[in-house]
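One-letter residues, chain by chain:
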Amino acid sequence: MGSERIIVIAGALVAVILQLLVAPYLSIAGVVPNLLVAFAMAVAISRSGSFSCLLPFLLGLVFDFVGGGPVGAMALVLMIVSVAASRAFQLVDNDSLFMAFVPLAIGVLFVEVVYGSLVLALGYQASVADMLVYRALPCFLYDFVLGCVIYLVVRRFAHPVAAARVELTQLR
């Protein structure tokens, strides 16, 4: 097993532990961060060439089991959106942070909106406007900021070649 995979697996375990133990205490106005979505999307963008859909599926399943929502909903949504974001990043990658953050933002927004829509469709009693205003958009902002930070960390430590290339271009 390569060192990149070990780092990603260790990061996923840390994300799960932080989601379970720390995230409930980081809520802002009732919005709890979803470190699992942020981590899965950041890994999907940073490792777009060698990305697997198993990690987002497992992280989504963990969220489903501890989150109280329908089991399998986040796993399905996170897997599909992270694979799509990974493929989109391969098309627009030009080694700039902006081009990494755009698919990350769009992916996190899609995850939150589609997951909220699935929860509504499966019987949660709320309006579509409430889901968007009070759940999807605040969660998107929180998860996107965390995803940007996690992306920078994963890019730095899980890609020694990419990090060396970035440092080389900064020296020029």
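Structural notes, computed from the coordinates. (Residues numbered from 1 in each chain as written. Predicted model: local features only at pLDDT ≥ 70, side-chain atom pairs only at ≥ 80, totals over all residues. Heavy atoms only, no water.)

Together, Val14, Ile17, Leu18, Leu20, Leu21, Val22, Leu26, Phe65, Val66 and Val71 line one region of the surface with nonpolar side chains, adding up to about 900 Å² of accessible area. Looking at the nonpolar patch, the elements with two or more residues in it are α1 (3-21) and α3 (54-67). Examining the composition of the nonpolar patch, we find that five residues originate from one element, α1, more than from any other. Mapping Phe65 onto the fold places it in helix α3. (Patch = residues over 30% accessible without salt bridge, like charges linked within 9 Å, V, L, I, M, F, W, Y side chains within 5 Å. Areas by Shrake-Rupley, 256 points an atom, 1.4 Å probe, with all protein chains shown as cover. Salt bridge = Lys/Arg side-chain N within 4 Å of Asp/Glu carboxyl O. Helix = DSSP H or I, 4+ residues; strand = E, 2+ residues; numbered from the N terminus.)

Our next topic: the layout of surface pockets. Its boundaries defined by the atoms lining it, the largest pocket holds a volume of some 610 Å³. Lining the largest pocket we find 26 residues, and of these Phe63, Gly67, Tyr115, Arg135 and Cys139 sit closest to its centre. Within the residue set of the lining of the largest pocket, elements represented by two or more residues are α3, α5 (97-121) and α6 (128-157). Looking at the lining of the largest pocket, its residues break down into 16 nonpolar, seven polar and three charged. (1 Å grid on protein atoms, 1.4 Å probe; cavity = no way out; pocket = protein on both sides within 12 Å on 5 of 7 lines; lining within 4 Å. Points joined across faces, edges and corners; volume = space filled by probe spheres on them. Nonpolar A, V, L, I, M, F, W, Y, C, P; charged D, E, K, R; others polar.)

Attention shifts here to the pattern of salt bridges. Following the criterion strictly, the structure yields two salt bridges and no others. As a salt-bridge pair, Glu112 and Arg135 come within 2.4 Å of each other at their nearest N and O atoms. Of this pair, Glu112 sits in helix α5 while Arg135 sits in helix α6, and the two are 23 residues apart along the sequence.

Helix-helix packing: each pair is described by the crossing angle between the helix axes and the interaxial distance. Running from amino to carboxyl end, helix α4 (residues 73-92) crosses α5 at an angle of 160 degrees, the nearest separation of the two axes being 9 Å. Overall, the two elements α4 and α5 adopt an arrangement that is roughly antiparallel. As α4 packs across α5, the resulting crossing turns out to be right-handed. Every residue of α5 that contacts α4 at Ala73, Met74, Val77, Leu78, Val81, Ala85, Phe89 and Val92 is listed here: Met99, Ala100, Pro103, Gly107, Phe110, Val111, Val114, Tyr115 and Leu118. A class-by-class count of the residues in the contact of α4 with α5 yields 16 nonpolar, one polar and no charged. (Axes fitted to C-alpha atoms, helices over the stretch in contact; angles between N-to-C directions. Parallel < 35°, antiparallel > 145°, perpendicular 65-115°, else oblique. Left-handed = near helix turned anticlockwise from the far one by under 90°. Contact = heavy atoms within 4.5 Å.)

Further remarks concern the packing of aromatic side chains. Under the criterion given, the structure shown has four aromatic pairs. Residues Phe63 and Tyr115 carry aromatic rings whose centres are separated by 5.8 Å and whose planes lie at 75 degrees to one another, so their mutual orientation is edge-to-face. Remark: Tyr115 occurs in helix α5 and Phe63 occurs in helix α3; sequence separation between them is 52 residues. Taken individually, Phe63 and Tyr115 each receive the classification buried, so the pair is uniform in this respect. Measuring from centroid to centroid gives 5.9 Å for Phe101 and Tyr151, while their planes differ by 75 degrees, and the two rings are edge-to-face. Of the two residues, Phe101 is situated in helix α5 and Tyr151 in helix α6; the sequence distance between them amounts to 50 residues. Each residue in the set Phe101, Phe140, Phe144 and Tyr151 is aromatic and connected to the rest through ring pairs, giving one cluster. (Phe/Tyr/Trp six-rings, centres within 6.5 Å; stacked < 30°, edge-to-face > 60°. Buried < 20%, exposed > 50% of the residue type's maximum accessible area, 1.4 Å probe, protein only.)

Looking now at the side chain of Asp143. Positionally, Asp143 belongs in helix α6. The side chain of Asp143 sits in the buried core without any salt bridge; Arg135 is the nearest counter-charge, 6.5 Å away. Not counting residues within four places of it along the chain, the set of residues in contact with Asp143 comprises Pro33, Asn34, Val37, Ala38, Val108 and Glu112. (Lys, Arg positive; Asp, Glu negative; His and termini not counted.)

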